[in-house]
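Per-entry structural report
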Amino acid sequence: MNYVDPGKVIGSPLNRVDGPKKVTGTAIYTSDHHFDGMLYAVPVRATVAAGMIKTLDTTAAEKMPGVRLVLHSGNIGKLNRPTAKNGMIDERRPPLADNEVRYYGQYVAAVIADTFEQATAAADAIKVTYDAKPFNVKDELEPSKWTADSQRGDVEKAFADAPVKIDETYVTPTETHSVIELHASVVTYENGVFTLYEPSQAVVNHRQVAAAVLGEPTDNIRVVARFIGSGFGSKLWPWAHSFIAAAAAKKLKKPIKLVLTRKMNFESAGHRPVTQQHIKLAATADGKLVCLSHDSINHTSMSDDYGENCGEATPFLYSTPNLRVRSSTAKRNVGTPTSMRGPGAVPGLFALESAVDELAIKLKLDPVQFRIMNEPKVDESSGLPFSSRHMVECLQTGADKFGWSKRTPGIGSMTKNGKILGWGVAGASWIALRMPTEAAVELKSDGTVRVTCATQDIGTGTYTAAAQIVSAEAGVPTDKIEVVLGDTDLPPGPFSGGSAATASVIPAMLQAVREAQQSIIDLAVKTPNSPFASHKPRDLTFKDGKVVAANTTVGAADGGGLPFARVLEMAGKASVKGHGKSEGGFNDPLKKKYSLHSFGAQFAEVSWQPELARLKVERVVTVIDGGRVINMKTASNQIEGAVVMGVGMALFEHTWYDPQNGAAINSNLADYVMATHADAPRIDVSFVEHPDTIFNELGARGLGEIGLAGIAAAITNAVHHATGVRVRKLPVMIEDLLTA
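Residues numbered from 1 in each chain as written. Predicted model: local features only at pLDDT ≥ 70, side-chain atom pairs only at ≥ 80, totals over all residues. Heavy atoms only, no water.

- You'll find the chain entered in an unreviewed UniProt entry as Xanthine dehydrogenase molybdenum-binding subunit, with Afipia felis given as the organism.

What to know about the overall build of the chain
- From N to C terminus, the chain includes 18 helices and 27 strands.
- Reported as C-alpha extents along the three principal axes, the dimensions of the chain are approximately 85 × 75 × 50 Å.
- Buried residues in the chain amount to 61% of all 740 residues.
- A separation of at least 24 residues holds for 81% of the contacts in the chain among residues at least 6 apart in sequence.
- Here the chain has roughly 27700 Å² of accessible surface; of this, 51% comes from carbon and sulfur atoms.
- Taking the 77 positively charged and 78 negatively charged side chains of the chain as two groups, their mean positions are separated by 2 Å. (Helix = DSSP H or I, 4+ residues; strand = E, 2+ residues; numbered from the N terminus. Buried < 20%, exposed > 50% of the residue type's maximum accessible area, 1.4 Å probe, protein only. Contact = heavy atoms within 4.5 Å. Areas by Shrake-Rupley, 256 points an atom, 1.4 Å probe, with all protein chains shown as cover. Lys, Arg positive; Asp, Glu negative; His and termini not counted. Charge placed at Lys NZ, Arg CZ, Asp CG, Glu CD.)

Concerning unusual backbone geometry
- Residue Pro-731 is reached from Leu-730 by a cis peptide bond, and omega for that bond is -5°.
- Take Pro-731: it is sitting in the loop between helix H17 (711-723) and helix H18 (734-737).
- A positive phi angle is found at Ser-230, which is not glycine, with a value near 70°.
- Counting through the fold element by element, Ser-230 comes out in the loop between strand S11 (221-224) and helix H7 (240-252).
- A positive phi angle is found at Phe-232, which is not glycine, with a value near 55°.
- Locating Phe-232 in the fold gives a position in the loop between S11 and H7.

As for the sheet that holds strand S25 (residues 597-609)
- If you trace the five strands from one edge of the open sheet to the other, you get S16-S17-S25-S26-S27, paired in mixed fashion. Each having just a single partner strand, strand S16 (414-416) and strand S27 (682-687) make up the two edges of the open sheet. Direction aside, neighbouring strands of the sheet carry axes that sit 30° apart on average.
- In this structure, S16 lies alongside strand S17 (residues 419-431), joined through three bridges in antiparallel fashion. By the bridge assignment, Lys-416 is partnered in S17 with Lys-419.
- In this fold helix H16 (residues 632-651) packs onto strand S26 (614-625) and S27, with an angle of close to 130° to the strand it touches most, S27. (Pairing = 2+ DSSP bridges. Axes fitted to C-alpha atoms, helices over the stretch in contact; angles between N-to-C directions.)

Quick word on the nonpolar core
- Ranked by internal contacts, the top residues of the largest apolar core, which has 85 residues, are Leu-281, Leu-359, Phe-603 and Ile-715.
- The leading source of residues in this core is helix H10 (residues 345-362), at 10 residues.
- Beyond its immediate stretch of four places on either side in the chain, Ile-715 contacts Ala-604, Val-606, Val-617, Gly-646, Val-647, Ala-650 and Leu-651.
- Among the nonpolar cores identified, the runner-up in size contains 49 residues, and Val-513, Phe-532, Val-547 and Leu-568 belong to it. (Core = buried A, V, L, I, M, F, W, Y, C linked by side-chain atoms within 4.5 Å.)

A word on the domain arrangement of the chain
- Each assigned domain of the chain is listed here: domain 1 (36-135 + 177-269), domain 2 (275-433 + 589-738) and domain 3 (434-582).
- Each of domain 1 and domain 3 was reduced to a C-alpha centroid, and the two centroids are 41 Å apart.
- Taken together, the contacts link 17 residues of domain 1 with 18 residues of domain 3.
- Each partner contributes to the roughly 1300 Å² buried at the junction of domain 1 and domain 3, and carbon and sulfur atoms together form 51% of this total.
- Counting the surface domain 1 buries against domain 3, the share from its top three residues, Gln-201, Val-204 and Arg-226, is 38%.
- Here domain 1 is connected to domain 3 by three salt bridges. (Domains from an automatic or database assignment. Buried area = accessible area lost by both parts, 1.4 Å probe. Salt bridge = Lys/Arg side-chain N within 4 Å of Asp/Glu carboxyl O.)

Notes on the sheet that holds strand S13 (residues 275-283)
- Strand order across the open sheet formed by five strands is S7-S15-S14-S13-S8, with mixed pairing between neighbours. Either end of the sheet is taken by a strand with one partner, and the two such strands are strand S7 (147-152) and strand S8 (164-172). Taking the axes of each pair of neighbouring strands and ignoring which way they run, one obtains an average angle of 10° across the sheet.
- Its contacts with the sheet put H10 on S8, S13 and strand S14 (289-300), and the angle it makes with S8 is roughly 150°.

Here's the deal with the UniProt feature "domain: Aldehyde oxidase/xanthine dehydrogenase a/b hammerhead" (unreviewed entry) in the chain
- In this structure's numbering, the residues bearing the UniProt feature "domain: Aldehyde oxidase/xanthine dehydrogenase a/b hammerhead" (unreviewed entry) are residues 24-134.
- Helix and strand shares over residues 24-134 are 13% and 31% respectively, and the end C-alpha atoms of the span are 51 Å apart. (UniProt positions renumbered as here; feature names shortened; annotations may be inferred.)

With respect to the packing of aromatic side chains
- Counted under the stated rule, the structure contains 17 aromatic pairs.
- Seen in terms of ring centroids, Tyr-170 and Phe-350 are 6.3 Å apart; in terms of plane orientation they differ by 90°. Their pairing is edge-to-face. In this pair, Tyr-170 sits in strand S8 while Phe-350 sits in helix H10, placing the two residues 180 residues apart along the sequence.
- When its relative accessible area of 0% is taken as the criterion, Tyr-170 is described as buried.
- For Phe-350, a relative accessible area of 1% translates into the label buried.
- Measuring from ring centre to ring centre gives 5.6 Å for Trp-237 and Phe-495, while their planes differ by 85°; the resulting arrangement is edge-to-face. One end of the pair, Trp-237, is in the loop between S11 and H7; the other, Phe-495, is in the loop between strand S20 (481-485) and helix H14 (501-526), and 258 residues separate them in sequence. (Phe/Tyr/Trp six-rings, centres within 6.5 Å; stacked < 30°, edge-to-face > 60°.)

Concerning the packing of helix H13 (residues 462-474) against H14
- For the pair H13 and H14, the least separation of the axes is 9 Å and the interaxial angle reads 35°. Where H13 crosses over H14, the handedness of that crossing is right-handed. Residue-level contacts link Ala-465, Ala-466, Ile-469, Val-470, Glu-473 and Ala-474 of H13 to Thr-502, Val-505, Ile-506, Met-509, Leu-510, Val-513, Arg-514 and Gln-517 of H14.
- Across the contact of H13 with H14, the residue classes break down as 10 nonpolar, two polar and two charged. (Left-handed = near helix turned anticlockwise from the far one by under 90°. Nonpolar A, V, L, I, M, F, W, Y, C, P; charged D, E, K, R; others polar.)

A look at the environment of Ile-372
- With respect to the helices and strands, the residue Ile-372 is situated in helix H11 (residues 367-373).
- Taking relative accessible area as the criterion, Ile-372 reaches 19% and is therefore assigned buried.
- The spacing of Ile-372 and Gly-646 is 274 residues in sequence and 24 Å in space, taken between C-alpha atoms.

Description of the packing of H14 against helix H15 (residues 564-571)
- The geometry of H14 relative to H15 is characterised by a closest axis approach of 9 Å and an angle of 50° between their N-to-C directions. Accordingly, the angle class assigned to the pair H14 and H15 is oblique. Read as a crossing pair, H14 and H15 show a hand that is left-handed. Listed contacts from H15 to Ile-520, Leu-523 and Ala-524 of H14 are Phe-564, Val-567, Leu-568 and Ala-571.
- For the contact of H14 with H15, a count of residues per class yields seven nonpolar, no polar and no charged. (Parallel < 35°, antiparallel > 145°, perpendicular 65-115°, else oblique.)

Rendered as structure tokens:
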């Protein structure tokens, strides 16, 4: 076997190890699962946004061919409302729990039948009448009560005394995760055990919540998510349809498949809420910030309190002696919001980085230089040092690559090929998060390695990163490593959200490899016919997949050591296993010593043709400080995808609710406009690699979210430079630009 150089594995642009399964169609996604006797469930949804169910007539539906069961509040049985200690979930009301309707599309019943077509026809035959009540789906938000998130100094006095200031409100709309793979649940119930096949971004959490809702011990719940067609946060926590499928499976003792339609995804599976952010920013005449106030409101549902945390990055991004960050929510008759890629920081940085740009222009300072001038030395919200921070380098590197020195500040002063150009910049930040993780590694007598962990790969490359981490430590080529993820029968792993998965699995997997290696060394010493039988374990080491000893020729025929497969063969063993465990969490002890974040800079060029009313993002340069990169190809792909998503956020995406009935109007992929290939700019991604070894041994932080942070602001700042129109409410509307 040709063993590998560990130094060349980490960071290499390795192709996805799961790629062949995906391109050949052998990767099994949730709705691909089929079992003998499987039945199909179709929910019945409310057609009012608020009120009470007066009558639910299921008579005709129950008599239709193939119908096995109609579930409703009268017969679904007891489903518990999970508490915070039961795990993470945004919509806590169990499905069909009562007769009150709180949003359009809420499930009021579900039909289970032999075929999907029969279930759909029967669902359409159910007659529901309502005692409708007034509802509110307006985007304009009023605060309920303010929560102080961060504060220092006296903001009001500093703002009043400052010579240069900005006082503006910024708005981001409802955005809906429109992933290609629809939400779905396939559930079996056998011998008292539920197996839930889910496109879950957090199988371990899903099991905990399902156990609480169903009133079962966790040992009776298994959750499987081998492959996921993206989630962007919408599949992070469980949704009501999962429990409908589970309840039906238990009642009928049959496998149940429930796949949401695209319209249902818009109604009952989360979205990024509307945010309304008021920012007051002030500086001295020479450009030093003296105060920053960031108040944000987001909408939430009638039954849940979801906070978007728009001020997540505000307290530490820039240096200022006076700061206040507050948040509030406003109840609306819509489904419960949830995390969407970069929750909090992404909409928050649109507001903050727009305001920073406005203040720089008012000061007649270059926007890049203004940001560098106000770079903090420590996290001023806590007084803690950053574990690693290279934002200035990101700004300087990005400016060089973008050609920022050629920018002329005048509105519409730059042209190319008959188009007006606009250049914009924004800073970026995202939390560095790691979660408690366990992993197991098995070294096998055929020379292969098996690594297992109950995390999951949502399309970001976790299978590949795990293979590289284990390959580098074990010295075994990645094509000899089997990575098994996405099953709660495996050692518990982290959720795939918050850019936490890779950083979380690193220490656990490294520890598991080392424990397995030590077992191989112990075998090499204890096995009678081993050439190392006369050695002490402390005199041996594991290198390049082999047991080796210093200053000896033992195993010279095998290239200077004894391969672990040969050791297992001599010992008559099929394999040895190692187990690893690492700490972390939202209350990570490391947070008491360091401020843990990633940083970046976004540069955008737009072109504007007023005679055609045509606006296009031409190119984006993004520079990321995310610690050490595990796989350069998948990392760049993550940032590139985030940039395109940012184009959609800035120019297109907006879920509209009908004021007449509360329904999401554009709840399909034809009317919910997203960035396409035609809209994608030229993208230049680079990383300033400074391994954050305080955070973990390899120095890697997450990269999923930060690529989206700041993009919308960089684009709208560029739009202002081209047109003179300051866009403070997303998405950019051509009608507003035509007034320029």
